[in-house]
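# Reading the structure
What follows is each chain in one-letter form.
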Amino acid sequence: MNIGVLGAGQLGRMLALAGYPLGNRFTFLDTTGHPSAGIGEVMVDTDQQHLEDFLEKVDLVTYEFEHLPVSLVRAIEERKPVYPGSEAIRVCQHRAEEKALFDRLTIPTPAYRLVDSAESLAVAVRELGVPVVAKSVTEGYDGKGQAVIKDPAEAADAWRSIGHPRLIVEAFVDFVREVSIIAVRGRDGEVVFYPMAENVHVDGILRYSVAPMPDLDAAVQQTADGYIRALLDELDYVGVLTLELFQTRDGGLLANEMAPRVHNSGHWTQDGALTSQFENHLRAIQGLPLGSTAARAPTCMVNVIGREGEAAKLLAIDDAHLHRYDKGERPGRKLAHVNLMAPTHEALLEKVRACAALLPDAPAPRFSFE
Ligand code: AMP
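Since the structure is predicted, the reported quantities are computational estimates derived from the model, not experimental observations. (Residues numbered from 1 in each chain as written. Predicted model: local features only at pLDDT ≥ 70, side-chain atom pairs only at ≥ 80, totals over all residues. Heavy atoms only, no water.)

## Some thoughts on helix 7 (residues 155-162)
Filter applied, for reference: Each residue's exposure class comes from its accessible area (1.4 Å probe, protein chains only) as a fraction of the maximum for that residue type: buried when under 20%, exposed when over 50%, partly exposed otherwise. Where helices and strands are cited, they refer to DSSP runs of H or I of at least four residues and of E of at least two residues respectively, numbered from the N terminus. Arc, as used here, means the arc of the directions from the helix axis to the C-beta atoms. Contact definition: two residues touch when any of their heavy atoms are within 4.5 Å.
Within helix 7 the residues assigned to the buried category are A155, A158, W159 and I162. End-on view of helix 7: buried residues confined to an arc of 100 degrees, all on one side of the axis. Among the exposed residues of helix 7, those pointing more than 90 degrees away from its buried face are D157, R160 and S161. Buried residues along helix 7 sit in contact with strand 5 (112-115), helix 6 (118-128), strand 6 (132-136), strand 7 (146-149) and strand 8 (167-171). In the stretch just after helix 7, G163 is the one whose phi turns positive, near 65 degrees.

## Here's the deal with the pairing of strand 14 (residues 253-259)
Here is the rule: Think of it this way: DSSP has to see at least two bridges between two strands before they count as a pair.
Counted residue by residue, strand 14 has 6 buried out of 7 residues, so it is predominantly covered. Count of turn residues in the strand 13 (residues 239-247)/strand 14 antiparallel hairpin: 5 residues, of which G251 carries a positive phi of about 90 degrees.

## What to know about the environment of P212
You can see P212 is positioned in the loop between strand 12 (205-211) and helix 8 (218-234). Note on P212: relative accessible area 24%, which makes it partly exposed. The spatial distance from the C-alpha of P212 to the C-alpha of Y194 is 8.8 Å, given a sequence separation of 18 residues. Residues in contact with P212, not counting those within four places in the same chain, are P195, M196, A295, A297, P298 and H345.

## So, the site of the ligand
Short version of the rule: Note on definitions. A residue lies near a molecule or strand when any single heavy atom of the residue is within 4 Å of it. Any pair of N or O atoms that falls within 3.5 Å is considered a polar contact. Within protein, one atom must be able to donate a hydrogen and the other to accept it, and sequence-neighbouring residues count only if both atoms are side-chain atoms. Method for areas: the Shrake-Rupley scheme with a 1.4 Å probe, in which residue coverage is limited to the protein chains shown. When residues are grouped by polarity, Ala, Val, Leu, Ile, Met, Phe, Trp, Tyr, Cys and Pro land in nonpolar, Asp, Glu, Lys and Arg in charged, and all others, Gly among them, in polar. An automatic or database domain assignment supplies the residue ranges for each domain.
Around the ligand, 14 residues are found, and the nearest of them are K135, Q146, V173, E178 and E257. In the model, an oxygen atom of the ligand is placed 3.0 Å from a nitrogen or oxygen of the R95 side chain. With respect to the ligand, the backbone of V173 contributes an N or O atom lying 2.8 Å from a nitrogen atom. For the ligand, whose accessible area on its own is 470 Å², the fraction buried by protein is 91%. Contributing elements (two or more residues each) for the shell around the ligand: strand 6, strand 8 and strand 14. Looking at side-chain class alone, the shell around the ligand contains 6 nonpolar, 3 polar and 5 charged residues. Two domains each put at least three residues into the shell around the ligand: domain 2 (111-171) and domain 3 (175-357).

## A few points about the sheet that holds strand 4 (residues 60-63)
Put simply, the test is: Throughout, an axis means a line fitted to C-alpha atoms (over the contacting stretch in the case of helices), and angles, computed between N-to-C directions, take values from 0 to 180 degrees.
In spatial order, the strands read 3-2-1-4; together these 4 strands make up an open sheet with parallel pairing. Every other strand in the sheet has two partners, leaving strand 3 (41-44) and strand 4 as the edge strands with one partner each. Geometrically, the sheet is characterised by an average inter-axis angle of 25 degrees between neighbouring strands, direction not taken into account. Most of the contacts of helix 1 (residues 10-19) go to strand 2 (residues 25-30), to which it runs at about 170 degrees, and overall it touches strand 2 and strand 4.

## Observations regarding the pairing of strand 9 (residues 177-185)
Burial of strand 9 is extensive: 9 of the 9 residues sit out of reach of the surface. With burial as the criterion, each face of strand 9 is covered, one bearing R177, V179, I181, A183 and R185 and the other bearing E178, S180, I182 and V184. Two strands pair when backbone bridges link them, and strand 9 and strand 13 are joined in this way by 9 bridges, in the antiparallel orientation. Bridge assignment links S180 to a residue of strand 13, and that residue is E244. In the sheet, strand 9 pairs with strand 11 (residues 197-202) via 3 bridges, with the strands oriented antiparallel. Bridge pairing links V179 to E198 in strand 11. Summarising the sheet, strand 9 and strand 10 (residues 191-193) pair through 3 bridges and their orientation is antiparallel. Each residue of the ladder has a partner; that of R185, found in strand 10, is V191. Here strand 9 folds back onto strand 10 in antiparallel fashion, the turn holding 5 residues, of which G189 has a positive phi close to 90 degrees.

This is how it looks when you write it as structure tokens:
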């Protein structure tokens, strides 16, 4: 089966790496002009001239990037099966749509307002109480297009700095930790859930993910499973879905955002789970049985961002697995990740510290359970 992938970055690369053992071939459609997948057949299509060629080559279509025109995905759906479907893209690329869906399914979220001017932003800040986070409703990722407002007087500056006609303003959550749940739904509606991960972000960018968490109450995992199952069923979703949440002091969960694709907070599954998120996504979209999501051992994914470390030193750490994306160094750019495994979380933390010390730009690792 030749799988068409919209987008050609590292997520597509890792999908292909997981798909070759299944006998899949991959054709990527890149609309940015900067593909980095470095694997399979990559079609660069910056002027929408190559869609026909792409569709002729592929048996079904998936994506590794959700900021695509919905009209394009709908047009592809007329011709080839697309998993997950265009409705998932429509909802997940727009924060207001996402929040409306969370509300409809009674999935708790931070209190929020939608605003369309500096004046209505100031009103929302007063209503919600400071601090708040203002975010553009579309096109934001890795903390871009966002501002934290600590005083209503800052509203006009924040409005100008984000520079987007519509924002969502959220109460700032005093969370204990950020977590994510990744689940996979097959074509027959079967759903499997990965153990939740604790995610450490610095300046809006993911740096570390640990799964399973040493101190997670089984009831909290069940709550998260229930939330993501409701989303999967409502969207009649096929493939991997990620839901990012805040865990509060009372153990409660508030949904932050979701991604209709394999996710950075699931990279730990490549080495730390019986079946990786990439393999399970490919199994799901091809109508194959889903694989076990059980963890092999406590695992930490360490992102390599901006500058690479020395491979020989990183790989000298016992049970360390380096996944490089074949990309050039640039500040803030995700270049690789290292998966570390250990028999206990204590031993794991030692390895994480040793790994971070080998990476030029890595922040000090700090987790809620230390
Ligand atoms: P997002 O792009 O929505 O995932 O936001 C990027 C990061 O900003 C999150 O990972 C959090 O660290 C932080 N953040 C976003 N929304 C909130 C919020 N309502 N309260 C506290 N922190 C937030």
